[in-house]
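What follows is the residue order along each chain.
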Amino acid sequence: MQLDKLLQSQGFGTRKQCQILIHRGHVSINNDVVHDHKFRCNTPNFQFSVHGEKFSYREKVYIALNKPQGYECSHRTQHHHSVFELLPDHLIERNVQSIGRLDQDTTGLLLLTDDGQYLHQLTHPKKHVLKYYQIHTTEALSTDVIKQLQNGVELRNEQGLFQALNFEKIGERHYRFAISQGVYHQVKRMIVAVGNHVDALHRDQIAELKLEQLSIQSGEWCYLSESEYQSATVRAISENNT
Ligand code: URA
């Protein structure tokens, strides 16, 4: 691929802007400045620097973000920050999108990508990937209420039952469970449906991909390897819910 086209594909601006970057000597390959925008690059594993910062060519990007509180998952926000403020410009320019959404006050694992097929695969309503949440509730959940959540609760204006799967008690008013759907405010509404309230919500795992294995602090992001992003697509084995 020609260098100006490669830079454009990696989010460094329009073809013209990338040509200007090259002509002005801001792009190097193997520590040598390249002034020729027609330079032929051998992808994959192609490495280059822009303004002294090193990059590797990536056909598509798969990103995990450890979302802090107070950030919304949309581009245009009114009352809060946007998660996209936490990403560098070249990723925004590549048009990465969040895969599903977390509420502004929910923390934890959020995936983003510019791979439309991957996004579709994970957000399709029939793709029941388990998403695991740690939940702090206002009141402790009784054994009966836990059973009710495990059996499934109804949510207003939604069809079917919504179950708390793989339920664990972590501590006093602190629980962890997985959901296989992803309707609006699902976990908070499930807890409200049993007469309680969520004080804090944190997503720590999607399918087999665990936030803790990624070593990213709140507000930080990282690229996912192929095995990591594939591990987030593994379907739940038994499904008795729609
Ligand atoms: N369920 C919720 O209620 N909120 C989230 O952010 C995610 C799941």
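Residues numbered from 1 in each chain as written. Predicted model: local features only at pLDDT ≥ 70, side-chain atom pairs only at ≥ 80, totals over all residues. Heavy atoms only, no water.

Further remarks concern the UniProt feature "domain: Pseudouridine synthase RsuA/RluA-like" (unreviewed entry) in the protein. Feature annotation in UniProt places "domain: Pseudouridine synthase RsuA/RluA-like" (unreviewed entry) on residues 62-191, given in this structure's numbering. Its end C-alpha atoms 32 Å apart, residues 62-191 is made of 22% helix and 31% strand. (UniProt positions renumbered as here; feature names shortened; annotations may be inferred. Helix = DSSP H or I, 4+ residues; strand = E, 2+ residues; numbered from the N terminus.)

Each regular strand shows side chains that alternate between the opposite faces of the sheet. Strand 12 (residues 174-179) sits mainly inside the fold: six of its six residues count as buried. Side chains H174, R176 and A178 of strand 12 all project onto a buried face; the interleaved residues Y175, F177 and I179 project onto the opposite face, where all are buried too. Pairing of strand 10 (residues 131-137) with strand 12 involves six bridges; the strand directions are antiparallel. Within the sheet, the bridge partner assigned to Y132 lies in strand 12 and is A178. (Buried < 20%, exposed > 50% of the residue type's maximum accessible area, 1.4 Å probe, protein only. Pairing = 2+ DSSP bridges.)

Surveying the vicinity of the ligand reveals the residues L102, D103, T106, Y133, H185, Q186, V187, K188 and L201. Within the side chain of T106, a nitrogen or oxygen atom sits 2.8 Å from an oxygen atom of the ligand. Within the backbone of V187, one N or O atom sits 3.1 Å away from a nitrogen atom of the ligand. Notes on the ligand: free accessible area 240 Å², of which the protein chains cover 95%. Ranked by residue count, the leading element in the shell around the ligand is helix 6 (residues 186-193), at three residues. Looking at the shell around the ligand, its residues break down into four nonpolar, three polar and two charged. Residues lining the shell around the ligand come from more than one domain, with at least three contributed by each of domain 2 (62-123 + 213-231) and domain 3 (131-206). (Near = heavy atom within 4 Å. Polar contact = N/O pair within 3.5 Å; in protein donor to acceptor, adjacent residues only side chain to side chain. Areas by Shrake-Rupley, 256 points an atom, 1.4 Å probe, with all protein chains shown as cover. Nonpolar A, V, L, I, M, F, W, Y, C, P; charged D, E, K, R; others polar. Domains from an automatic or database assignment.)

Let us now look at the sheet that holds strand 4 (residues 53-56). Across the sheet, four strands lie side by side as 2-1-3-4; this open sheet has antiparallel pairing. Each end of this open sheet is capped by a strand with a single partner; those strands are strand 2 (32-33) and strand 4. Bridge count between strand 1 (residues 27-29) and strand 2: two bridges; the pairing is antiparallel. Residue pairing in the sheet places S28 in a bridge with V33 of strand 2.

Glancing now at the nonpolar core. Soluble globular proteins: nonpolar side chains tend toward being buried together. Residues I135, L149, F167, F177 and M190 are the most contacted members of the largest nonpolar core, which totals 34 residues. Of all elements in the fold, only strand 5 (62-67), strand 9 (106-113), strand 10, helix 5 (143-151), strand 12, helix 6 and strand 13 (198-206) reach the threshold of two or more residues within this core. Judged by nonpolar contacts, the second largest core, of 18 residues, contains Y62, L122, I206 and A207. (Core = buried A, V, L, I, M, F, W, Y, C linked by side-chain atoms within 4.5 Å.)

Throughout the structure, instances matching the rule amount to seven salt bridges. Between K188 and D103 there is a salt bridge; the shortest N-O distance is 2.8 Å. Taken together, the residues K188 in helix 6 and D103 in the loop between strand 8 (97-98) and strand 9 connect sequence positions 85 residues apart. A salt bridge links R176 to E168, with the shortest nitrogen-to-oxygen separation between them at 3.1 Å. The class of R176 is buried, set by a relative accessible area of 12%. Residue E168 is classed as partly exposed on the basis of its relative accessible area, which comes to 34%. The structure contains a network of salt bridges with shared partners spanning D103, D105 and K188. (Salt bridge = Lys/Arg side-chain N within 4 Å of Asp/Glu carboxyl O.)

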